[in-house]
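Examination of the molecular architecture
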Amino acid sequence: MAKHMTRRTFVAVACGAVAAAACGSVAATMLGRTKQDASGSAWTWEEDADLPVLCMEVSGGAIVAMPGNGWKPQGEWIQLQLSGGSIPGKEIEAITQEGATLVVRLKKPASDMETMDLCLTEYRVAGGDVSSVESVVVEDKGERFDAQLGVDGEARAVQ
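What comes next is a walk through the structure. (Residues numbered from 1 in each chain as written. Predicted model: local features only at pLDDT ≥ 70, side-chain atom pairs only at ≥ 80, totals over all residues. Heavy atoms only, no water.)

Section: the overall build of the protein chain
The number of helices and strands found in the protein chain is one helix and 13 strands. When the elements of the protein chain are put in sequence order from the N terminus, they spell out β-α-β-β-β-β-β-β-β-β-β-β-β-β. Relative to its full complement of 159 residues, the protein chain shows a buried share of 40%. Looking at the protein chain alone, contacts between residues at least 24 apart form 68% of all its contacts between residues at least 6 apart. (Helix = DSSP H or I, 4+ residues; strand = E, 2+ residues; numbered from the N terminus. Buried < 20%, exposed > 50% of the residue type's maximum accessible area, 1.4 Å probe, protein only. Contact = heavy atoms within 4.5 Å.)

Notes on unusual backbone geometry
Peptide bonds are mostly trans, and most non-glycine residues show a negative phi. Unusually for a residue other than glycine, Lys141 sits at a positive phi of about 55°. Its location among the elements puts Lys141 in the loop between strand S11 (135–140) and strand S12 (143–146). Residue Lys141 is classed as partly exposed on the basis of its relative accessible area, which comes to 38%.

Observations concerning the sheet that holds strand S8 (residues 92–98)
Taken in spatial order, the four strands of this open sheet run S8-S9-S11-S12, and their pairing is mixed. Of all strands in the sheet, those with a lone pairing partner are S8 and S12, marking the two edges. Direction aside, the axes of adjacent strands within the sheet are offset by 25° on average. Of the pairings in the sheet, the one linking S8 to strand S9 (residues 101–106) comprises six bridges and is antiparallel in character. Within S9, the position partnered with Ile92 by the bridge is Leu106. (Pairing = 2+ DSSP bridges. Axes fitted to C-alpha atoms, helices over the stretch in contact; angles between N-to-C directions.)

A closer look at the nonpolar core
Counting 18 residues, the largest nonpolar core has Leu80, Ile92 and Val125 as the members making the most contacts within it. Elements that contribute at least two residues to this core include exactly strand S7 (78–84), S8, S9, strand S10 (118–126) and S11. Not counting residues within four places of it along the chain, the set of residues in contact with Val125 comprises Trp43, Thr44, Trp45, Trp77, Ile78, Leu80, Ile95 and Leu102. (Core = buried A, V, L, I, M, F, W, Y, C linked by side-chain atoms within 4.5 Å.)

Concerning the pattern of salt bridges
All chains considered together, the criterion is met by seven salt bridges. Residues Arg124 and Asp48 are paired through a salt bridge, measuring 2.6 Å at the closest nitrogen-oxygen approach. Of this pair, Arg124 sits in strand S10 while Asp48 sits in the loop between strand S3 (44–47) and strand S4 (55–57), and the two are 76 residues apart along the sequence. (Salt bridge = Lys/Arg side-chain N within 4 Å of Asp/Glu carboxyl O.)

What about the pairing of S7?
Of all the seven residues making up S7, seven are buried; the element is thus mostly covered by neighbouring parts of the structure. With burial as the criterion, each face of S7 is covered, one bearing Ile78, Leu80, Leu82 and Gly84 and the other bearing Gln79, Gln81 and Ser83. Where strand S6 (residues 70–73) hands over to S7, the hairpin turn is made up of four residues, of which Gly75 adopts a positive phi near 85°.

Topic: the packing of aromatic side chains
Counting across every chain of the model gives zero aromatic pairs. Sitting over the face of the ring of Trp77, Arg124 holds its NZ or CZ atom 4.1 Å from the ring centroid. (Phe/Tyr/Trp six-rings, centres within 6.5 Å; stacked < 30°, edge-to-face > 60°. Lys NZ or Arg CZ within 6 Å of the ring centre and 35° of its normal.)

Here it is, written out as structure tokens:
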């Protein structure tokens, strides 16, 4: 299951409002199954709808829900948050490590059409040397995007 935000909620998050309450769910195709790429990479991934939305710090020190791609080490595994429309959704094809950077390559969807809603899909990534990862790059349709590092704390509205 993935988490959704409407465009209105997305704007509220950017302004410092708590967005977690606005999240809903849709059917997920990979829930509960661990995946590994065909190259035999040590990294494995599993979609986990029970993980909370990652948080980030904004000006003024407020902690808000992160609306985009993000990651956060969680001890023996890494929480990875992928952002996109609910249809077709974001699915991982492979994960490799290039030095201190974890590269997450997404499957190319059958169509470039995407819904306008915001779907946040949470993954548990494990099996490699988590402590050596300093950054995460998401490769989508041949382009690379830096994922933001999440912060500790719970989302709270700006007073």
